[in-house]
Amino acid sequence: MSKIQLLRELEKKIIADTSLPLRESNLVFGEGNVDCSVTFVGEGPGFYEDRLMRPFVGRAGKLLDELIRSIGWKREDVYITNIIKRRPPDNRDPLPEEIAAYSPYLTHQIEIINPQVIAPLGRFSMNYFLPEAKIMRDQGNVFRIDGRIIVPLIHPAAALRSTGVLEMLKRSFKKLPDIVSGKSGTEESKIPPARAAEEKSKKQARLF
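Residues numbered from 1 in each chain as written. Predicted model: local features only at pLDDT ≥ 70, side-chain atom pairs only at ≥ 80, totals over all residues. Heavy atoms only, no water.

Another point: the environment of Ile-145. Take Ile-145: it is sitting in strand E5 (residues 143-145). In the structure, Ile-145 is positioned 15 residues away from Leu-130 in sequence and 9.0 Å away in space, judged by C-alpha atoms. (Helix = DSSP H or I, 4+ residues; strand = E, 2+ residues; numbered from the N terminus.)

Set out below in structure tokens:
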């Protein structure tokens, strides 16, 4: 089966899974180039995403599109998804049990797409991949987990609220083409100290 077919089958499984939380909201599975080098992973759909059933289509999504264009790419060049696939009520933060429930599907989604680089957007997505990372400290840095490159980035919604944060995000975004090409910026950052080695290995085991 092709990647597109595999993703369609995965989407059907999510729809059929009645154990998943937030089923009162629409499913926002993800979209983009299944043969991409970079997959952006946000935390969860918002109001407009729920309405249109597409990821990052509100104000934060428009900024993400601008940032992608600023480095010479198009939205169609990348894949965009979220750690949870349905909108939490009132756009609240996703709960740990909600993230855990959707985790197997995100893992499978990433395995199918198999991107060179995963760019988590915001602290919830970043901590899914890097449990001990801090967004303002570690955004824009390069981490490697089981052969994958992880480059956490500030969430575009946070950048909309602060000019200084927006400039930080723009600088980090500019690193992505060189990270993908291997020209520069691929030196590995140290994983922030984990609470325990077993916690780290357990977290990574379920990611990939």
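So, about helix H8 (residues 163-173). Residues of H8 that are buried: Val-165, Leu-166, Leu-169, Ser-172 and Phe-173. Buried residues of H8 fall within an arc of 125 degrees about the axis and therefore sit on the same side. Away from its buried face by more than 90 degrees, H8 exposes Thr-163 and Arg-171. The elements touched by buried residues of H8 are strand E2 (38-42), helix H3 (59-70), helix H6 (135-138), helix H7 (156-159) and helix H9 (176-181). (Buried < 20%, exposed > 50% of the residue type's maximum accessible area, 1.4 Å probe, protein only. Arc of directions from axis to C-beta. Contact = heavy atoms within 4.5 Å.)

One pass over the full model with this rule turns up 10 salt bridges. Of the charged contacts in the structure, one is a salt bridge between Lys-3 and Asp-35, with a shortest N-O distance of 3.3 Å. Of this pair, Lys-3 sits in helix H1 (residues 3-16) while Asp-35 sits in the loop between strand E1 (31-32) and E2, and the two are 32 residues apart along the sequence. Taking the shortest distance from any N to any O, the salt bridge between Arg-75 and Glu-31 comes out at 3.0 Å. Of this pair, Arg-75 sits in the loop between H3 and strand E3 (79-82) while Glu-31 is found in strand E1, placing the two residues 44 residues apart along the sequence. (Salt bridge = Lys/Arg side-chain N within 4 Å of Asp/Glu carboxyl O.)

Formed by 58 residues in total, the largest nonpolar core has its most connected members in Phe-40, Leu-153 and Phe-173. Per element, the largest residue contribution to this core is seven residues, and it comes from helix H4 (residues 96-113). Phe-173 has contacts with Phe-40, Leu-64, Leu-67, Ile-68, Ile-71 and Leu-153, leaving out every residue within four places of it along the chain. (Core = buried A, V, L, I, M, F, W, Y, C linked by side-chain atoms within 4.5 Å.)

Before going further, it helps to examine the confidence of the model for the chain. As a general rule, the predicted coordinates of low-pLDDT regions are not to be interpreted in detail. Averaged over every residue, the pLDDT of the chain is 91; the share at 70 or more is 88%. pLDDT under 50 marks residues 193-205. Its contacts with residues more than four places away, or in other chains, come to 10 contacts. (pLDDT = per-residue confidence, 0-100.)

On to H4. Its 18 residues place the ends of H4 25 Å apart at the C-alpha level, agreeing with the 26 Å of an ideal helix rising 1.5 Å per residue. A bend of about 45 degrees at Ser-103 is the largest found in H4, and the proline Pro-104 appears one to four places after it. A positive phi of about 55 degrees marks Asn-114, the residue just after H4. (Expected span 1.5 Å × (residues − 1). Bend = angle between axes of the 7 residues up to and from the residue.)

One way to put it is that H3 packs onto H8 with a least axis distance of 10 Å and a crossing angle of 40 degrees. Here H8 runs oblique to H3, going by the angle between their axes. Regarding H3 and H8, the two cross each other, and that crossing is right-handed. Across the interface between the two elements, Leu-63, Leu-64, Leu-67 and Ile-68 of H3 pack against Leu-166, Leu-169, Lys-170 and Phe-173 of H8. Residue composition of the contact of H3 with H8, by class: seven nonpolar, no polar and one charged. (Axes fitted to C-alpha atoms, helices over the stretch in contact; angles between N-to-C directions. Parallel < 35°, antiparallel > 145°, perpendicular 65-115°, else oblique. Left-handed = near helix turned anticlockwise from the far one by under 90°. Nonpolar A, V, L, I, M, F, W, Y, C, P; charged D, E, K, R; others polar.)

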